[in-house]
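Residue-level structure breakdown
These are the residues of each chain, in order.
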Amino acid sequence: MAAGDDFQLLFDANPRPMLVFDRETLAIVVVNDAACAQYGWSREEMLAMTIRDMRPPEERPHLDRGMAEDATLAVVERSIHSTKSGARLEVRVELRRLDWRGRPAALAVITNLTGLAETERRFRTLVEYAADGLGLLDDRGVVLYMSPGGERTLGFAPGELVGRSAAELTHPEDAHLLTAPAPGETRTRVVRVRHAGNGAWRWIETTNTNLTHEFSIRAYVASFRDVTKRVEAEQLLRRSE
């Protein structure tokens, strides 16, 4: 088997949808089985198409501008594609420019993000609109991320908490409570934290889970809420008793 046949076999057998198109005419000149399966057209149908035919009508001007303006050898973009049935896919396209049989062409490697993108949007909405604070901290207790609810609870401006240590915000008498849970362990505690807006100490109930051993997270995940009124009511009740 010739080297060219080897490369054709690898291209056809690749599980990721891939195609090669002419950069001037946008005609599809090579397409693999995974791309045909994802979009629903046969190989013969796709070889009679241009990459514009894979875009919904409203997306085609964006494609035309991108092809006219971009002069780099490699491009990664997110866009909307259409299937033969009319379904829409949210995809990431990695483009690598090349020459194909003496013609300017480009290799497109396509990743379907449709389900993942929807999940990301839902998760982002839950985090951004949650009343409770949600944060990520590294193994030193430094804030890597803080949700809008957490910033409001503690009186900080957006992004102001990132890079700061949780210990420096905590009342000195409660610092001993900040011991880190073991990998996979969750701990809940109530500590005093200074409010950035008015400088008052607020009672904060925080639940901290150690996920530093999880490869995709590598952080402590903290959720917390202001329980000052509850704690003060409990203190008042004890004094009255």
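You'll find the structure just up there.
Source: prediction; values computed, not measured.

On to the environment of Tyr129. Position of Tyr129 relative to the elements: it lies in helix α5 (residues 114–129). Sequence-wise, Tyr129 and Ser147 are 18 residues apart; in three dimensions their C-alpha atoms are separated by 8.6 Å.

Right, let's talk about unusual backbone geometry for a bit. In this model, Arg101 sits at a positive phi of 55°, which is unusual for a non-glycine residue. Tracing the chain through its elements places Arg101 in the loop between β4 (88–100) and β5 (103–112). Since its relative accessible area comes to 74%, Arg101 is described here as exposed. A positive phi angle is found at Arg218, which is not glycine, with a value near 55°. Mapped onto the elements, Arg218 comes out in the loop between β9 (201–211) and β10 (219–226).

Counting 22 residues, the largest nonpolar core has Leu19, Phe21, Ile28, Tyr39, Met46 and Met54 as the members making the most contacts within it. Counting residues per element, the ones that place at least two in this core are β1 (18–22), β2 (28–31), α2 (33–39), α4 (60–69), β4 and β5. Residue contributions to this core peak at four residues, all from β4. Those residues in contact with Tyr39 that sit more than four places away from it in its chain are Met46, Met54, His81, Ser82, Thr83, Lys84, Leu89, Val91 and Ile110. Core analysis: the next-biggest nonpolar cluster, separate from the first, contains 13 residues, Leu154, Leu169, Val191 and Ala222 among them.

Okay, the sheet that holds β9 next. Reading across the sheet, the five strands line up as β7-β6-β10-β9-β8 and stay open at both edges, with antiparallel pairing between neighbours. The two strands at the open ends of the sheet, each matched to only one other strand, are β7 (143–146) and β8 (186–194). Strand after strand, the sheet turns through a mean of 30° between neighbouring axes, direction not considered. Where strand β6 (residues 133–137) lies against β7, three bridges are found, and the strand directions are antiparallel. The residue bridging Gly135 from the neighbouring strand is Met146, located in β7. Contacting β8, β9 and β10, helix α8 (residues 228–240) crosses the sheet at an angle of about 115° to β9.

Within the secondary structure, Pro17 sits in the loop between α1 (3–13) and β1. By relative accessible area, Pro17 is classed as buried at 7%. Put simply, Pro17 and Gln38 are 21 residues apart on the chain and 7.2 Å apart in space, counted from C-alpha to C-alpha. Setting aside its immediate chain neighbours within four residues, Pro17 contacts Asn32, Ala34, Ala35, Gln38, Ala108, Val109 and Ile110.

Quick look at the pattern of salt bridges now. Taken as a whole, this structure holds 20 salt bridges when the rule is applied. A salt bridge links Asp22 to Arg103, with the shortest nitrogen-to-oxygen separation between them at 2.9 Å. Placement of Asp22 in strand β1 and of Arg103 in strand β5 is noted, with a sequence separation of 81 residues between them. By relative accessible area, which is 8% here, Asp22 ends up buried. On the basis of relative accessibility, which here comes to 34%, the residue Arg103 falls in the partly exposed class. Measuring nitrogen to oxygen at the nearest pair gives 2.9 Å for the salt bridge that ties Arg55 to Glu77. Of this pair, Arg55 sits in the loop between α3 (43–46) and α4 while Glu77 is found in strand β3 (residues 74–82), placing the two residues 22 residues apart along the sequence. What emerges from the salt-bridge pattern is a single network uniting Asp12, Asp33 and Arg43.

Rules used throughout
Residues numbered from 1 in each chain as written. Predicted model: local features only at pLDDT ≥ 70, side-chain atom pairs only at ≥ 80, totals over all residues. Heavy atoms only, no water. Helix = DSSP H or I, 4+ residues; strand = E, 2+ residues; numbered from the N terminus. Buried < 20%, exposed > 50% of the residue type's maximum accessible area, 1.4 Å probe, protein only. Core = buried A, V, L, I, M, F, W, Y, C linked by side-chain atoms within 4.5 Å. Contact = heavy atoms within 4.5 Å. Pairing = 2+ DSSP bridges. Axes fitted to C-alpha atoms, helices over the stretch in contact; angles between N-to-C directions. Salt bridge = Lys/Arg side-chain N within 4 Å of Asp/Glu carboxyl O.

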